[in-house]
Amino acid sequence: MSYADVGGLRIWSEEHGAGKPLVLLHGEYGSTEAFAPVRPALATRRRLIAVDLQGHGRTADVDRPLRYESMADDVAGLLRHLGLPRADVLGYSLGGGVALRTAIQHPDLVRRLVLVSTPFRRRGWYPETLAAMSAHDERVAQRMRGTPLHERYARVAPRPQDWQALWARGGELLRREYDWSAEVAALPMPVLLVFADADEIPVSHAAEFFGLLGGGRRDAGGDGTGRPASRLAVLPGLTHYDVLTSPALPAAVLPFLTHPARAPG
């Protein structure tokens, strides 16, 4: 558990387990603690490197906007700082967007990519979810004081008084339009998409995402040779809020990380 100076950001990461490296990237307003429920299962097979993104958890904010692209550069810089030429990367929600941008911007560093509850375009969220995210600001942050999310932040943040500023910056990020469909279709590494069946992202968007990765186009055949390199998992009985705590998540992730796979094509 330590800090690393990466491009002007003093970024926190912590390690658990042993094996090939797997980077874990948390969701909006979260921290490395978000992975505690699934960390033991993942750590049985992997060297976990959990990261607190800019302004989150133990990583203090700096004088720049929150952007998926710059946080992806932070992750790439951390991997290079740690001397890791390649790693698997798993991101959830906001962290999934950062993980996806890391794979797009630094494909040489990402061996396999796992995206949990992550859309490839902003309009992939349900309209009511978009409306709620668009309202994030300092007033919402004030109403969130005293919640478990705030208490966790206040317990570990270098500057707990930045809570409201984080929500203001987070809201500004979440209001920005994006569509990464062309870049997703060009990804060179296998990708696992994981969604809850009652997620904040419709299953139709998950299917469209999978299609960009070569999935859902044909029968794989009796011997499975027609399957794409990437995979799609829709986990039953879960939502956006508990998918990260379910044993079903590592049960889907670990086989994907270890099975032989041909390159996408």
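Structure report, in brief. Position numbers for residues start from 1 in each chain and track the written sequence from start to end. The predicted nature of this model means local features are confined to residues of pLDDT at least 70 and side-chain atom pairs, given and counted, to a pLDDT of 80 or more, with totals for whole chains, interfaces and linings taken over all residues. Side-chain metrics in this entry use all non-hydrogen atoms of the structure; hydrogen atoms and water are not considered.

## Examining helix H9 (residues 203–212)
Reasoning step 1: For every residue, the accessible area (1.4 Å probe, protein chains only) is compared with the maximum for its type, and the residue is labelled buried under 20%, exposed over 50%, or partly exposed between those bounds. Secondary structure is summarised from DSSP: a helix means a run of H or I of at least four residues, a strand means a run of E of at least two, and numbering begins at the N terminus for each. Buried within H9 we find His205, Ala206, Phe209 and Phe210. Buried residues of H9, viewed axially, fall in a sector of 140 degrees; they line one side.
Reasoning step 2: Looking at the packing, one finds that the buried side of H9 touches helix H3 (94–105), strand E6 (110–116), helix H8 (181–185), strand E7 (191–198) and strand E8 (231–239). Working definition: the arc comes from the directions between the helix axis and the C-beta atoms, pointing outward to the latter. By the convention used here, residues are in contact when the closest approach between their heavy atoms is within 4.5 Å.

## Comments concerning the packing of aromatic side chains
Reasoning step 1: Under the pairing criterion, centres of Phe, Tyr and Trp rings, with the six-membered ring standing for Trp, must be within 6.5 Å; the plane angle then separates stacked pairs below 30 degrees from edge-to-face pairs above 60, leaving the rest tilted. Applying the stated criterion to the full structure yields 8 aromatic pairs.
Reasoning step 2: Seen from their ring centres, tyrosine 68 and tryptophan 180 are 5.4 Å apart, and the 90 degrees between their planes marks the pair as edge-to-face. A residue pair is termed long-range when its members are at least 10 positions apart, and tyrosine 68 in helix H2 (residues 68–81) and tryptophan 180 in the loop between helix H7 (163–174) and H8 qualify at 112 residues.
Reasoning step 3: With a relative accessible area of 4%, tryptophan 180 lands in the buried category.
Reasoning step 4: Through a chain of ring-to-ring contacts, the aromatic side chains of Tyr29, Tyr153, Trp163 and Trp167 assemble into a single cluster.

## A short note on unusual backbone geometry
Reasoning step 1: With phi around 65 degrees, tyrosine 29 is a residue other than glycine that occupies positive phi space.
Reasoning step 2: With relative accessibility at 4%, the residue tyrosine 29 sits in the buried group.

## A few points about the nonpolar core
Grouped burial of nonpolar side chains is what soluble globular proteins tend to show.
Reasoning step 1: Only buried Ala, Val, Leu, Ile, Met, Phe, Trp, Tyr and Cys residues count toward a nonpolar core, and they belong to the same one when joined by side-chain atoms within 4.5 Å. With 56 residues, the main nonpolar core has Val23, Leu25, Leu100, Leu113, Leu187 and Phe209 as its most contacted residues.
Reasoning step 2: Not counting residues up to four positions away in its chain, the partners in contact with leucine 100 are Leu113, Leu115, Phe120, Trp180, Val184, Leu187 and Phe209.
Reasoning step 3: In this structure, Leu22, Leu48, Ala50 and Tyr92 belong to the second largest nonpolar core, which totals 26 residues.

## Description of the sheet that holds E6
Reasoning step 1: Overall, mixed pairing links the 8 strands, which are arranged E1-E2-E4-E3-E5-E6-E7-E8 in an open sheet. Two strands bound the open sheet, and with one partner strand each, they are strand E1 (2–6) and E8. When strand polarity is set aside, the average angle formed by the axes of neighbouring strands in this sheet is 25 degrees.
Reasoning step 2: Strands pair, by our definition, only if DSSP identifies at least two bridges between them. Of the strand pairs in this sheet, E7 and E8 are connected by 6 bridges, and their pairing is parallel. Among the inter-strand pairings, alanine 198 is bridged to a residue of E8, identified as threonine 239.
Reasoning step 3: Axis lines are fitted through C-alpha atoms, for helices just across the contact stretch, and the angle between N-to-C directions can take any value from 0 to 180 degrees. Lying on the sheet, H3 is in contact with strand E3 (20–25), strand E5 (87–92) and E6; it crosses E6 at an angle near 155 degrees.
Reasoning step 4: This element, H9, spans E6, E7 and E8 of the sheet and lies at about 170 degrees to E7.

## With respect to the pattern of salt bridges
Reasoning step 1: Think of a salt bridge as a Lys or Arg side-chain nitrogen and an Asp or Glu carboxyl oxygen that are within 4 Å of each other. One pass over the full model with this rule turns up 15 salt bridges.
Reasoning step 2: Between arginine 123 and glutamate 177 there is a salt bridge, with the nearest N and O atoms lying 2.6 Å from each other. Of the two residues, arginine 123 is situated in the loop between E6 and helix H4 (127–134) and glutamate 177 in the loop between H7 and H8; the sequence distance between them amounts to 54 residues.
Reasoning step 3: Classification of arginine 123 by relative accessible area gives exposed; the value is 55%.
Reasoning step 4: Look at glutamate 177 and you get partly exposed, because its relative accessible area is 47%.
Reasoning step 5: Each of the salt bridges in this network shares a partner with another, and the network as a whole consists of Arg46, Asp88 and Arg111.

## Description of H3
Reasoning step 1: With 12 residues, H3 ought to run about 16 Å at 1.5 Å a step, and its terminal C-alpha atoms sit 17 Å apart, in line with that.
Reasoning step 2: Most of H3 sits inside the fold, with 11 of its 12 residues counted as buried. Helix span, as expected, comes to 1.5 Å for every residue beyond the first.

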